[in-house]
Amino acid sequence: MRAVVLSTYGGPEGLSVSELPEPAAPDPDGVLVRTAAAAVNPVDLQTRAGLHAGHSAVHPPMVLGWDLAGTVTAVGGAVTGFRVGDRVVAMSAQMATGRGTYAEVVALPADIVAHAPASVPLTVAAGLPLAGLTARQALDRLALPEGSSVLVTGAVGSVGGLAVQLARRRGLTVVAQVRSARDEEQARALGAHRVVDGANLPVADLDGLLETAGLPGAIGAVRDGGRAVSIVPTRAPVPERGVRVAVSHVEQDGPGLAELAALVDAGELRLRTAREFAFDDASEAHRRLAAGGVRGKLLLLPDVP
Ligand SMILES: NC(=O)c1ccc[n+]([C@@H]2O[C@H](COP(=O)([O-])OP(=O)(O)OC[C@H]3O[C@@H](n4cnc5c(N)ncnc54)[C@H](OP(=O)(O)O)[C@@H]3O)[C@@H](O)[C@H]2O)c1
């Protein structure tokens, strides 16, 4: 099978398509998935650059990728929830397990897989798992009661864009922070009640903060004794004025992903795709994400789109 292999830590030029042995059969509690698309995420760029080498269980040569949408081609003997032919999505913690999704066929434990939303193409669904689970788990960690107010930074990014929608659905008043006025319309379309840029943050006013942009000073928007959750560990806010700060690290979660997929089908969670790339153009996709300004997911497809 074809897979995008990282030969050595460094720049995007270290990514190239290789022929690898296809997984022969799933584990008893696993499935094989034929990939329709794998989304590109910041963690892939960080892993490629070697930024996670110190705590990663796998090292080059290796296949990158956490996000997957595809079709089940084989099912382990102990698996009851999936059949051959099912359309599925999954988030695979590549750094911990080595199960990268930039490959034509991926073997995964069934408990991290969910049925894909039926209302969108698999290529679009590939943008859901990592960003969706991150947003959901960070909001769970924030645990703000209905009626509270929250600032979401990086609100039109992948995680931010889903967090805005999920926060609104949870009955929160959502203040969306965006980089510039250009993004205001998109943030409002995602459900933000109010949109601000980094220079006009509320002051000690909101109940909570969900930090996805590593924005200095964002904690200043939270009222004394409020709560903040960051998903950017290297730039987590320093606690002040009794504001409790936590860092959320996304975890694999098939059932949680199934709930997110159901929200997509209910029209309550909108997925945004920016551009599709062929596996052969994985380096270009990494360069594009690194350049910034992407709105919606960049996707890698085994076949030329
Ligand atoms: N802890 C976890 O488990 C976890 C999970 C997923 C992601 N993450 C991390 O969370 C971050 C966001 O991930 P993502 O997938 O959402 O990335 P993304 O799609 O690239 O979105 C990041 C967004 O933040 C915006 N941004 C950056 N600096 C900003 C600033 N100063 N003001 C306003 N907006 C700003 C970016 O805008 P521009 O495009 O204009 O720069 C972009 O819209 C990354 O650092 C990623 O590594 C952590």
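Residues numbered from 1 in each chain as written. Predicted model: local features only at pLDDT ≥ 70, side-chain atom pairs only at ≥ 80, totals over all residues. Heavy atoms only, no water.

Draft legend 1. Seen up close, the overall build of the chain. When you go through the chain residue by residue, the secondary structure sums to eight helices and 16 strands. Here the C-alpha atoms of the chain give a radius of gyration of 19 Å, agreeing with the 19 Å that 2.2 N^0.38 yields for 305 residues. Taken over the C-alpha atoms alone, the chain extends approximately 55 × 40 × 35 Å along its principal axes. Within the span of the chain, comprising 305 residues, buried residues form 55% of the whole. For the chain, the computed accessible surface area is about 12,600 Å², with 51% contributed by carbon and sulfur atoms. The average position of the 27 basic charges and that of the 31 acidic charges among the side chains of the chain differ by 5 Å. (Helix = DSSP H or I, 4+ residues; strand = E, 2+ residues; numbered from the N terminus. Rg over C-alpha atoms; globule rule 2.2 N^0.38 Å. Buried < 20%, exposed > 50% of the residue type's maximum accessible area, 1.4 Å probe, protein only. Areas by Shrake-Rupley, 256 points an atom, 1.4 Å probe, with all protein chains shown as cover. Lys, Arg positive; Asp, Glu negative; His and termini not counted. Charge placed at Lys NZ, Arg CZ, Asp CG, Glu CD.)

Draft legend 2. Region of interest: the sheet that holds strand β4 (residues 62-63). One open sheet accounts for three strands, arranged β2-β1-β4; its pairing is antiparallel. Looking along the sheet, the strands with just one partner apiece sit at the ends: β2 (15-19) and β4. Relative to β2, strand β1 (residues 2-6) is paired through five bridges, and the arrangement is antiparallel. Each residue of the ladder has a partner; that of Ala3, found in β2, is Ser18. (Pairing = 2+ DSSP bridges.)

Draft legend 3. Quick peek at the side chain of Ser248. Mapped onto the elements, Ser248 comes out in the loop between β14 (244-247) and α7 (254-265). For Ser248, the residues in contact, after removing those within four places along its chain, are Gln137, Ala138, Arg141, Val229, Ser230 and Ile231. (Contact = heavy atoms within 4.5 Å.)

Draft legend 4. Highlighting the layout of surface pockets. Space inside the largest pocket adds up to approximately 1,500 Å³. In this structure, the largest pocket is lined by 47 residues; those nearest its centre are Pro42, Gln46, Thr212, Ile231 and Val232. Elements represented by at least two residues in the lining of the largest pocket include exactly α1 (42-48), α4 (129-142), α5 (158-169), β10 (173-178), α8 (282-291) and β16 (297-301). For the lining of the largest pocket, the element with the most residues is α1, which contributes four residues. When grouped by side-chain class, the residues that make up the lining of the largest pocket number 24 nonpolar, 18 polar and five charged. There are two domains that each give the lining of the largest pocket at least three residues, and those are domain 1 (2-127 + 271-301) and domain 2 (131-247). (1 Å grid on protein atoms, 1.4 Å probe; cavity = no way out; pocket = protein on both sides within 12 Å on 5 of 7 lines; lining within 4 Å. Points joined across faces, edges and corners; volume = space filled by probe spheres on them. Nonpolar A, V, L, I, M, F, W, Y, C, P; charged D, E, K, R; others polar. Domains from an automatic or database assignment.)

Draft legend 5. The arrangement of α8 in detail. Among the residues of α8, those classed as buried are Ala282, Ser283, Ala285 and His286. For α8, the angular spread of buried residues about the axis comes to 160°, placing them on one side. Those residues of α8 that are buried are in contact with β1, β2, β3 (30-40), α1, β15 (273-278) and β16. Where α8 ends, the next residue or the one after it, Gly292, has phi of about 80°, a positive value. (Arc of directions from axis to C-beta.)

Draft legend 6. A look at the nonpolar core. Core analysis: the biggest nonpolar cluster contains 57 residues, and Leu128, Val150, Val152 and Leu269 have the highest contact counts within it. With seven residues, the single largest contributor to this core is α4. When we break this core down by domain, the ones giving at least three residues each are domain 1 (2-127 + 271-301) and domain 2 (131-247). When neighbours within four sequence positions are excluded, Val150 is seen to be in contact with Leu142, Leu144, Ala167, Leu172, Thr173, Val174, Val175, Leu206, Gly208, Leu209 and Leu210. Listed in part, the 38 residues of the second largest apolar core include Leu6, Leu45, Val72 and Val79. (Core = buried A, V, L, I, M, F, W, Y, C linked by side-chain atoms within 4.5 Å.)

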